[in-house]
2 protein chains.
Amino acid sequence: MPDIKHFDPDTALETVVRLFWRQGATSTGIQDVVTATGLNRSSLYATFGGKQDLYRAALRRYVERHSQPAFRRLAADERGLPALTDFFAALIEARCTGEYARWGCMVANAHTGAESSDPEIRSLLDQHHQQLRDAMHTALVTAEAHGQVGPDTDLGAAADLLALLAYGVNLRSRAGADARTLSRSVTAALSSIGGRAAP
Amino acid sequence: MPDIKHFDPDTALETVVRLFWRQGATSTGIQDVVTATGLNRSSLYATFGGKQDLYRAALRRYVERHSQPAFRRLAADERGLPALTDFFAALIEARCTGEYARWGCMVANAHTGAESSDPEIRSLLDQHHQQLRDAMHTALVTAEAHGQVGPDTDLGAAADLLALLAYGVNLRSRAGADARTLSRSVTAALSSIGGRAAP
DNA sequence: CTCATCTCGGAACGACCGTTCCAAGATAGC
DNA sequence: GCTATCTTGGAACGGTCGTTCCGAGATGAG
């Protein structure tokens, strides 16, 4: 067998994810990738293909490693409304503090870029949205089974609403929106779904 | 007096707005602007300055000509909840059909771009958000005065929530979100603010 | 050790980026 | 008509873009 790769493609891709996540596709040059990952153009192109392929792989990885785990956690949570409360609390904390503060959501960010004209990217955005909505819906069904949902509530519409709210949080967090204000909005949405006032 | 401009800067800027609105700042080259406006680089730079100045001017114009009129209409509407219903209906129609379909909101789009690192742009984003939120709040106060708002409703939190919802609509509309689905989400939000079921 | 085969380093490519510059053209006052 | 002053057309700038290519280096099989 010939020579073997001198780097870990998985580690490199994670670095690329952070680059595209923070700066977007158009603002990130191949030179940035080369500098950040430490590997050179040859290895980059041989391993991942061109820039568009690289962005696609990065977005896929983001969804798998960041979005879907959160969705699964939400859908599997048996508590109902508290699961939704925790989901949004974790979202807001991740968006406003720590390493990824003010980076927003890479998928939400992708909505506005030129990258979204790529059919494969567009498909990823739609899948992501569907999965988010479905997780919301599952949590709401659980909540209803626990008698935590007010009467005459359309769970489907409520799931769509909460999904859109998440996009709003993601977007505004990039402009440095206050975590407290975001939390207050989320609380208002969730308490309007539940009976009436907070316990 | 010397020579006078052979074009209308206002018309040209409107063309530039549509360019930046649809494609974003980084994906739009000066050559695109030259081609779309029909005027040449010299006139462009002499009139508007560099690309960043041009984008700033375009975003300012967008807010003045598109956002603020809608905000003022909403805040001045004396009907309360129906004003909010109409606001969102008009928003969704503008985002999903007609000339600007799938363009989203230029201000929302600006949240994800590299352009938002510019302090002046950042300030514009915050102003825009504040104005949107305030218009929502004014409409909600009017609604409460008309007895259209359920008890124990935090109007401030509700205004924040509706503003975030608008950003969600703007973002998802760029990916081709279904107008019907968006409307359903908005209806759910508004009817949860009002008494309970729809009339 | 030798060789075939893949990886790595880095130069180089043409295209496009935003911006500048200057000569030619147009205009209003004299 | 002449001139001063601004606009206009378009070439040209250095820099960066994504991508390609090739020689050198590394590795495992025989």
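In what follows, the accompanying structure is described.

Cut-offs applied
- Residues numbered from 1 in each chain as written.
- Chains lettered and ligands numbered in written order.
- Predicted model: local features only at pLDDT ≥ 70, side-chain atom pairs only at ≥ 80, totals over all residues.
- Heavy atoms only, no water.
- Helix = DSSP H or I, 4+ residues; strand = E, 2+ residues; numbered from the N terminus.
- Contact = heavy atoms within 4.5 Å.
- Least-squares fit on C-alpha atoms with pLDDT ≥ 70 in both.
- Phe/Tyr/Trp six-rings, centres within 6.5 Å; stacked < 30°, edge-to-face > 60°.
- Buried < 20%, exposed > 50% of the residue type's maximum accessible area, 1.4 Å probe, protein only.
- Disulfide = S-S within 2.5 Å.
- Salt bridge = Lys/Arg side-chain N within 4 Å of Asp/Glu carboxyl O.
- Axes fitted to C-alpha atoms, helices over the stretch in contact; angles between N-to-C directions.
- Parallel < 35°, antiparallel > 145°, perpendicular 65-115°, else oblique.
- Nonpolar A, V, L, I, M, F, W, Y, C, P; charged D, E, K, R; others polar.
- Buried area = accessible area lost by both parts, 1.4 Å probe.
- Core = buried A, V, L, I, M, F, W, Y, C linked by side-chain atoms within 4.5 Å.
- Polar contact = N/O pair within 3.5 Å; in protein donor to acceptor, adjacent residues only side chain to side chain.

### Focus: unusual backbone geometry
Not every positive phi belongs to a glycine, and Arg 102 of chain A is a case in point at roughly 70°. Following the sequence through the fold, Arg 102 of chain A ends up in the loop between α5 (81–96) and α6 (106–110).

### Remarks on the environment of Ala 135 of chain B
All names here are of chain B. Relative to the elements of secondary structure, Ala 135 occurs in helix α7 (residues 119–145). Residues Ala 135 and Ala 188 lie 53 residues apart in sequence; the distance between their C-alpha atoms is 20 Å. Not counting residues up to four positions away in its chain, the partners in contact with Ala 135 are Phe 71, Leu 74 and Ala 75.

### Some details on the relation of the copies chain B and chain A
Here chain B sits on chain A after a turn of 180° about the axis and a move of 0.0 Å along it, with an RMSD of 0.0 Å. The superposition operator between the copies reduces to a two-fold rotation axis. Taking C-alpha positions as reference, the residue of chain B nearest the rotation axis is Gly 168 of chain B, located at 2.3 Å.

### As for the packing of aromatic side chains
Enumeration according to the criterion identifies 12 aromatic pairs over all chains in this entry. With a centroid separation of 4.9 Å and 75° between ring planes, the pair formed by Trp 21 of chain B and Tyr 62 of chain B is classed as edge-to-face. Within this pair, whereas Trp 21 of chain B is found in helix α1 (residues 9–23), its partner Tyr 62 of chain B is found in helix α4 (residues 51–76), the two being separated by 41 residues in sequence. We note that Trp 21 of chain B, like Tyr 62 of chain B, is buried. Overall, the relative accessible area of 2% leaves Trp 21 of chain B in the buried class. Put simply, the rings of Trp 21, Tyr 62, Tyr 100 and Trp 103 of chain A touch in pairs and so form one group of aromatic residues.

### A short note on the state of the cysteines
Going through the model one piece at a time under the given rule, you end up with 0 disulfides over all chains. We note that Cys 105 of chain A lacks a disulfide partner, and the nearest cysteine sulfur, in Cys 96 of chain A, lies 13 Å from it.

### So, the pattern of salt bridges
Using the criterion set out here, one finds 32 salt bridges over all chains in the structure. A salt bridge links Arg 61 of chain A to Glu 14 of chain A, with the shortest nitrogen-to-oxygen separation between them at 2.8 Å. Here Arg 61 of chain A, found in helix α4 (residues 51–76), pairs with Glu 14 of chain A, found in helix α1 (residues 9–23); they are 47 residues apart in sequence, far enough to count as distant. Side by side, Arg 61 of chain A and Glu 14 of chain A carry an identical accessibility label, which is buried. The salt bridge involving Arg 184 of chain B is made with Asp 154 of chain A; its shortest N-O contact spans 3.7 Å. One end of the pair, Arg 184 of chain B, is in helix α9 (residues 179–193); the other, Asp 154 of chain A, is in the loop between α7 (119–145) and α8 (155–174), on a second chain. Here Arg 184 of chain B falls in the partly exposed class, since its relative accessible area comes to 34%. The network of salt bridges with common partners includes Asp 10, Glu 14, Arg 18, Arg 61, Arg 65 and Glu 99 of chain A.

### A few points about the packing of α1 of chain A against α4 of chain A
Residue and element names in this part refer to chain A. Between α1 and α4, the least distance of the axes is 9 Å, while the angle of their chain directions is 95°. Here α1 is positioned roughly perpendicular relative to α4, judged by the angle of their axes. Contact with α1, carried on its side by Asp 10, Leu 13, Glu 14, Val 16, Val 17, Phe 20 and Trp 21, involves Lys 51, Leu 54, Tyr 55, Ala 57, Ala 58, Arg 61, Tyr 62, Arg 65 and His 66 of α4 and no other residues of that element. Grouping the constituent residues of the contact of α1 with α4 by class yields 10 nonpolar, 1 polar and 5 charged.

### Section: the interface of chain B and chain A
Opposite the 41 residues of chain B that make contact, chain A presents 41 residues. Taken over both partners, the interface formed by chain B and chain A buries close to 3,500 Å², and the fraction arising from carbon and sulfur atoms is 57%. For the pair chain B and chain A, the interface holds 6 salt bridges. Of all the secondary structure elements, the ones that give two or more residues to the side of chain B that touches chain A are α6 (106–110), α7, α8 (155–174) and α9 of chain B. Its residues placed into classes, the side of chain B that touches chain A shows 16 nonpolar, 15 polar and 10 charged.

### Thoughts on the nonpolar core
Counting residues in hydrophobic clusters, the biggest one holds 132 residues, and the most contacted among them are Phe 88, Met 136 and Leu 162 of chain A together with Phe 88, Met 136 and Leu 162 of chain B. If we ignore the near neighbours within four places in the chain, the residues touching Phe 88 of chain A are Met 136, Leu 162, Leu 165, Ala 166, Val 186 and Leu 190 of chain A.

### Focus: the side chain of Arg 95 of chain B
All names here are of chain B. Its location among the elements puts Arg 95 in helix α5 (residues 81–96). Among the polar contacts listed, one links the side chain of Arg 95 to the side chain of Tyr 62, at a separation of 3.3 Å. Among the polar contacts made by the side chain of Arg 95, one reaches the side chain of Asn 170 at a distance of 2.7 Å. When neighbours within four sequence positions are excluded, Arg 95 is seen to be in contact with Trp 21, Tyr 62, Tyr 100, Ala 101, Arg 102, Gly 104, Cys 105, Asn 170 and Ser 173.

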